[in-house]
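# A look at the structure
Chain by chain, the residues run as shown.
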Amino acid sequence: MDLSKIAVSINKAINTQEVAVKEKHARTCILGTHHEKGAHTFWAAVNRLPLSSNAVLCWKFCHVFHKLLRDGHPNVIKDSMRNKADLTDMSRMWGHLSEGYGKLCSIYLKLIITKMEFHIKNPRFPGNLQMSNRQLDEAGENDVNNFFQLTVEMFDYLECELNLFLGVFSSLDMSRSVSVTAAGQCRLAPLIQVILDSSHLYDYTVKLLFKLHSCLPADTLQGHRDRFQEQFKKLKSLFYRSSNLQYFKRLIQIPQLPENPPNFLRASALSEHISPVVVIPAESSSPESEHVVETDDLVDTDLPVLPAFQAPVETKFDDLFGTSAAIDPFNFNSQNGMRKDDKDRLIEQLTREIQALKDELESFRLESGRLCQALRGRVNELEAELAEQSHLRLQAAGESEFLKAELDDLRRVREDTEKEQRSLTEIEKKAQANEQRYTKLKEKYTELVRSHADLLRKNAEVTRQMTVARAAQDEVEAVRKEMQDKVKAAQETADRQEREQLDQLQELQRELVSSRVELDSLKTTVVSSQQSSDVLSTQLATLELEKAELVQSLSKVEAELAVQGEELQQVQSSLASERENGVKTAEALQNQLNEKESREQALESQLVAARWSSLQGAVEEAEKLIQDSLVQIDDPAHISCTSSADYLASRCQASIDCMERLHSARDCFVADNTAVSELVRVVTQCGHLVGDTIVQGSATSHMVPVEQADALSESVKACGAEALDLLSHMKQQDSIAAADDCKLKAALEAILTTAEKLRPRGLELQQGELGDLVEQEMAATSAAVESAASRIEEMLNKSRAVDTGVKMEVNERILASCTELMQAIKVLVVSSKNLQRDIVESGRGAASMKEFYAKNSRWTEGLISASKAVGWGATVMVDAADLVVQGKGKFEELMVCSHEIAASTAQLVAASKVKADKDSGNLQRLQQASRGVTQATAAVVASTKSGKSQIEEKDTMDFSSMTLTQIKRQEMDAQVLVLELETRLQKERERLGELRKKHYELAGVAEGWGEEQEGTG
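Since this is a predicted model, take the numbers as computed values, not measurements. (Residues numbered from 1 in each chain as written. Predicted model: local features only at pLDDT ≥ 70, side-chain atom pairs only at ≥ 80, totals over all residues. Heavy atoms only, no water.)

### Structural notes on the overall build of the protein chain
Convention followed: Under the scheme used here, helices are H or I runs from DSSP no shorter than 4 residues and strands are E runs no shorter than 2 residues, and both carry numbers assigned from the N terminus. Burial status follows relative accessibility: with a 1.4 Å probe on protein chains alone, a residue under 20% of its type maximum counts as buried, one over 50% as exposed, and anything between as partly exposed. Here, residues are in contact when the closest pair of their heavy atoms is within 4.5 Å. To measure how exposed things are, a 1.4 Å probe is used in the Shrake-Rupley method; for residues, cover is taken only from the protein chains shown.
When its secondary structure is counted, the protein chain shows 31 helices and zero strands. Within the protein chain, buried positions represent 34% of all 1017 residues. Within the protein chain, contacts between residues separated by at least 24 positions form 79% of all contacts whose residues are at least 6 apart in sequence. Approximately 60,700 Å² of the protein chain is accessible, and the part contributed by carbon and sulfur atoms is 53%.

What follows is the structure, encoded as structure tokens:
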């Protein structure tokens, strides 16, 4: 296919005529996309069209582009995404119009952008949205989250379709037959594509909602059901209204939706759902082709009929004139002498009969054509019914398969349920047995605990007795050892004494021979030794008796210890058996305790999950609030919303305070995850406050200059982005501790700083500074006037030294009038100071001057503003006069400055008169000075106009050498220039009015007029 032919068809389809797009041109565009496998040629042709300046042209472009998205090559959507930004800007531009094709173009462009985004996100969906149930399941990848998101996107898509439907119907006068007019058909034609898309979207939405209700709780999908109910009512009403329009009856068969929407809470209601089928008859696809089709049918039908009617005519002619007449019909002399008049009458009669037969033939041809057309229409209806029945049969087959699969699933579910029921019964029996066993074990354990306590008491008693016995035994052993030691010591002493005695005896026996003299002494010593030996023997016998007694008592104690040892062994054996039973019971109880701890851990994990889920819900809600605020500031309807810098500053401060609480609540949650309630509340409140700050910041930007408005808008958007980033980190459990709120806090502080800068200057002043500021401004005004007067004097001297002739005369006159004006302004300023001094002295009482100014702050700010305006006007007028004298300026600037000075002085006089006494002499002098300023201003204007008329050279208009054509051309050029200047003058006047209005508004904000009115009210 030739690309030039495609371009021609595009230009023919998209034109400025308010008629419907011809089907043959749209079909050529569609075939062209399939031929080149894309939409490059289409966009190359469209980009040359003035879509932004003609609404009808843009409307027909949307219609043709919608057809290409539906029926064109799949690459059309991909090739068109690069123009998405242009389409968005065009939609926003046409959205400023509130009626006509402009509003419809804005809605249609939003629909087209939504359609492209939907198909880019869901590439499985073709452009015409025709899919089977299996393909629809594959599009969601059998994931309930994907089905949930897909349903939301289909809702948004269908919402755009319904908005276009309602927009077209609301733009038409339905009380007249608008569908038969060319303008009405131009608006109604795109709705055919909308009906085709809406029927598929409705069908898929119903199926997806049934699938979601089978997987998710009904409460979770309450929002989906409410939104579906609303769209169902709109779509049903629009289908019904469309089906009654004559235009649609011959182009499309619109299905009717059921009386009531499907009940998604009942799963069997899916079998009652019938997919709406839209049928487009083949011959009624284009309104302009109907007449051609009828004509062709009539010609085709007439061809076989003509011979059938010619035979009777020829037979009748032969019957009247004979066979020879057929051979030579003009040989009238051979008719048996028939007269000429009879022949003429016969010819006329035959001619009338032939004409009647022709009329009858024509009527028969028309009747046969109508019958053929009716039969073809009936055939089309039958084919449509057949297609619908085939679709219903396929749908029924699919539903039967679905029901079979569902029945199998139900059977499996029932079997699983029965198995689970049986297992549950067994588990319950086991639980009862375990409960009984547990009760018995508990009783046994109680008995064991009691017996164990008794045994412990017995063991303690036995241990105490054993301790006493062991202490007695130890004492006996100690006594025995002591006695043995004593016996050993006595034996050793006795042995030693015996040895000593033997030694002494031997010594005595040796000495007995040597000395007889000492015999008596020796005998005495022997006697004494024997006596001591007897005493020792007596003591030894006594010790032996005590030893025997101790041995007997020790044997008795050992016998008792043996008996107690046997009893102790019996007690220990019984205690060991009881201990083993206790250990077993303790193990069983420990197992039960472990199970209980595991259940407690599971419940604890569920509780932690529930806490985290509630936190995630709060974070998601805060994200929705902030996203809604960001969407709201981009809404064109938000442009009319305004706010003050004070309110924005209060919202920013509240948001910053909430961020501090959010930081502390987040730290508490990270340290202890049970403290989630406070974090949920703070997150929700933070979302509300930040969203309100974003909206109020955007509304405040509508009241400030462009540069500051752009900076504030960027700060607001950056704040929203940082808030969403912080909330996205808080949604993840592993990144909540690392979430940094410093960037969001910095963004809020930047907005607060901007708001503080935008606050009115008068509100920032302390009351104590007003008196000083009045004096400073009046002194500055006097200094500015003095400086202006001195500069004018210098300019006058310079002009006298340089200029000559008319120019010097004009400059001297202008500068002299400016000097007089400066002198009058000086007198006015001095009079104003004197009057203000009288006002302060008479009104302040015992208060100081600063306190008086602070008490009357509004009046003081008016004086300050008026004095500033006078000083500024004097400075600007001197600059303008300097440029005029140098020949670089305009006389008009000087006149405008003079008028501005007159207005400023009038403002100063009015501000001074507010609190002045009517009979004050200074007031009279101030009014006289004001009249002097007015006269001086008039003199400046008059001298400026006079000088301008003297200096400007007037061109003489000589038209003698021009021809008629040249004069006509010059006249047309002059008219064009006049119109341009008038248009420019009108625009400048409007601009001046807007500037004055804005100046009045900003001055009111700066000086607090609105607050003063509120306080007065």
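### Brief notes about the confidence of the model for the protein chain
Cut-off, in case you're wondering: The pLDDT value expresses, per residue, how confident the predictor is, ranging between 0 and 100.
Residue-level pLDDT values for the protein chain average 77, and 81% of them are 70 or greater. This model gives residues 762-768 a pLDDT under 50, and the stretch forms 11 contacts once residues within four places in sequence are excluded. Predicted confidence for residues 1008-1017 stays below pLDDT 50, and this span has nine contacts to residues more than four positions away or in other chains.

### As for the packing of helix H4 (residues 55-71) against helix H6 (residues 84-94)
As a reminder, the rule being used: Under this scheme, a helix contributes an axis fitted over its contacting stretch, all axes are lines through C-alpha atoms, and angles between N-to-C directions fall in the 0 to 180 degree range. In these notes the angle categories are as follows: under 35 degrees is roughly parallel, over 145 is roughly antiparallel, 65 to 115 is roughly perpendicular, and the rest is oblique. Crossing chirality is assigned from the near helix's rotation relative to the far helix, an anticlockwise turn below a right angle marking it left-handed and a clockwise turn marking it right-handed. Under this grouping Gly is polar, as are all residues other than the nonpolar Ala, Val, Leu, Ile, Met, Phe, Trp, Tyr, Cys and Pro and the charged Asp, Glu, Lys and Arg.
Across the interface, H4 lies against H6 with an axial gap of 13 Å and an inter-helix angle of 135°. By the criterion of interaxial angle, the relationship of H4 to H6 is oblique. The handedness of the crossing between H4 and H6 comes out as left-handed. Of H6, the residues touching H4 (which contributes Ala55, Cys58, Phe61 and Phe65) are Leu87, Met90 and Trp94. The residue inventory of the contact of H4 with H6, partitioned by class, reads seven nonpolar, no polar and no charged.

### Let's talk about the pattern of salt bridges
Condition: Just to be clear on terms, a salt bridge is a Lys or Arg side-chain nitrogen sitting within 4 Å of an Asp or Glu carboxyl oxygen.
Summed over the entire model, instances satisfying the criterion amount to 20 salt bridges. Across the pair arginine 266 and glutamate 272 runs a salt bridge whose closest N-O atoms are separated by 3.4 Å. Between glutamate 988 and arginine 991 there is a salt bridge, with the nearest N and O atoms lying 3.9 Å from each other. Here glutamate 988 and its partner arginine 991 are both found in helix H30 (residues 964-1007), three residues apart, which amounts to about one turn of the helix. What makes glutamate 988 partly exposed here is its relative accessible area of 40%. Judged by relative accessible area, which is 51%, arginine 991 ranks as exposed. Residues participating in the shared-partner salt-bridge network are Arg70, Lys115 and Asp197.

### Let's talk about the environment of isoleucine 192
When you line up the elements, isoleucine 192 lands in helix H11 (residues 191-213). Residue isoleucine 192 is classed as buried on the basis of its relative accessible area, which comes to 13%. Among all residues touching isoleucine 192, those that are not within four sequence positions of it are Phe248, Leu251, Ile252 and Ile280.

### Regarding the side chain of histidine 273
Defined as follows: Throughout this description, a polar contact denotes any pair of N or O atoms lying within 3.5 Å of each other; where both atoms belong to protein, one of them has to be capable of donating a hydrogen while the other can accept it, and for residues adjacent in sequence the pair is counted only when both atoms sit in side chains.
Within the secondary structure layout, histidine 273 lies in the loop between helix H13 (246-249) and helix H14 (290-302). Side chain to side chain, histidine 273 and aspartate 203 meet in a polar contact 2.8 Å long. With residues near it in sequence (within four places) discarded, histidine 273 still touches Tyr202, Asp203, Val206, Gln395 and Glu399.

### Comments concerning the nonpolar core
The following threshold applies: Only buried residues count toward a nonpolar core, which is a set of Ala, Val, Leu, Ile, Met, Phe, Trp, Tyr and Cys residues joined through side-chain atoms within 4.5 Å.
Formed by 94 residues in total, the largest nonpolar core has its most connected members in Ile14, Phe42, Phe61, Phe65 and Phe125. Ignoring sequence-local partners within four residues, the contact set of isoleucine 14 consists of Phe42, Val46, Leu49, Leu57, Lys60, Phe61 and Val64. Leu712, Leu726, Ala747 and Leu758 belong to the second-largest nonpolar core, a separate cluster that totals 45 residues.

### A few points about the environment of glutamate 385
Position of glutamate 385 among the secondary structure elements: in helix H17 (residues 340-514). Since its relative accessible area comes to 42%, glutamate 385 is described here as partly exposed. Once the C-alpha coordinates of glutamate 385 and valine 279 are considered, the two residues, 106 residues apart in sequence, prove to be 9.2 Å apart.

### What about the side chain of threonine 41?
As for its placement among the helices and strands, threonine 41 is situated in helix H3 (residues 40-46). The exposure class of threonine 41 is buried, given its relative accessible area of 15%. Those residues in contact with threonine 41 that sit more than four places away from it in its chain are Leu3, Ile6, Ile10 and Glu36.

### As for helix H12 (residues 222-243)
Rule in force here: Multiply 1.5 Å by the residue count of a helix minus one, and that product is the helix's expected span. Arc definition: it is the arc formed by the directions from the helix axis to the C-beta atoms.
End to end, H12 covers 32 Å across 22 residues, agreeing with the expected 32 Å (1.5 Å per residue, within 8%). Where H12 is concerned, the buried positions are His224, Arg225, Phe228, Gln231, Phe232, Leu235, Leu238, Phe239, Ser242 and Ser243. Each buried residue of H12 lies within a common arc of 155° when the element is viewed along its axis, so the set occupies one face. Turned more than 90 degrees off the buried face of H12, the exposed positions are Lys233 and Tyr240. Of the surrounding secondary structure, the elements contacted by the buried residues of H12 are helix H9 (144-171), H11 and H13.

### As for the packing of aromatic side chains
This is how the line gets drawn: Only centres within 6.5 Å qualify two rings of Phe, Tyr or Trp (six-membered ring in Trp) as a pair; their planes then separate them into stacked at under 30 degrees, edge-to-face at over 60, and tilted for everything else. We call a charge positioned above a ring when the Lys NZ or Arg CZ atom is no farther than 6 Å from the ring centre and deviates by at most 35 degrees from the ring normal.
Under the criterion given, the structure shown has 18 aromatic pairs. Through a chain of ring-to-ring contacts, three or more aromatic side chains come together here, namely Tyr202, Phe210, Phe228, Phe232 and Phe264. Across the ring face of tyrosine 101, the terminal group of arginine 187 is positioned such that the distance to the ring centre comes to 4.4 Å. Above the plane of the ring of phenylalanine 147 lies lysine 211, whose end atom (NZ or CZ) is 5.6 Å from the centre.

### Remarks on the packing of helix H19 (residues 645-671) against helix H21 (residues 706-731)
Two elements in contact, H19 and H21, have axes whose closest approach is 14 Å; the angle formed by their N-to-C orientations is 20°. Overall, the two elements H19 and H21 adopt an arrangement that is roughly parallel. Where H19 crosses over H21, the handedness of that crossing is left-handed. Residues Leu648, Met659, Leu662 and Arg666 of H19 form the contact with H21, whose participating residues are Leu712, Leu726 and Met730. Along the lines of polarity and charge, the residues of the contact of H19 with H21 split into six nonpolar, no polar and one charged.

### Section: unusual backbone geometry
Even without being glycine, lysine 37 reaches a positive phi, approximately 55°. Within the element layout of this structure, lysine 37 appears in the loop between helix H2 (23-36) and H3. Assessed through its relative accessible area of 53%, lysine 37 is described here as exposed. A positive phi angle, near 55°, is found at glutamate 141, a position not held by glycine. By the element assignment, glutamate 141 lies in the loop between helix H8 (133-140) and H9. In this structure glutamate 141 comes out as exposed when scored by relative accessible area, which is 54%.

### With respect to a negative patch on the surface
Applied cut-off: Each patch is assembled from residues with relative accessible area greater than 30% and no salt bridge, linking like charges that lie within 9 Å and nonpolar side chains (Val, Leu, Ile, Met, Phe, Trp, Tyr) that lie within 5 Å. Positive charges come from Lys and Arg, negative ones from Asp and Glu, while His and the chain ends are left out of the count. Charge positions come from single atoms, namely NZ of Lys, CZ of Arg, CG of Asp or CD of Glu.
A surface patch of like charges, here negative, comprises Glu415, Asp416, Glu418 and Glu420. Along the polypeptide, glutamate 420 turns up in helix H17.

### Side note on the state of the cysteines
Here is the rule we go by: Two cysteine sulfur atoms form a disulfide, by the criterion used here, when they sit within 2.5 Å.
Taken as a whole and judged by the stated rule, the model has zero disulfides. Looking at cysteine 62, it has no disulfide partner, and the nearest cysteine sulfur is the one in cysteine 58, 4.3 Å off. Residue cysteine 62 is classed as buried on the basis of its relative accessible area of 0%.

### Remarks on H8
For H8, the full list of buried residues reads Leu136, Ala139 and Gly140. Down the axis of H8, the buried set is contained in an arc of 95°. They therefore lie on one face. In the core, the buried residues of H8 are packed alongside H9 and H11.

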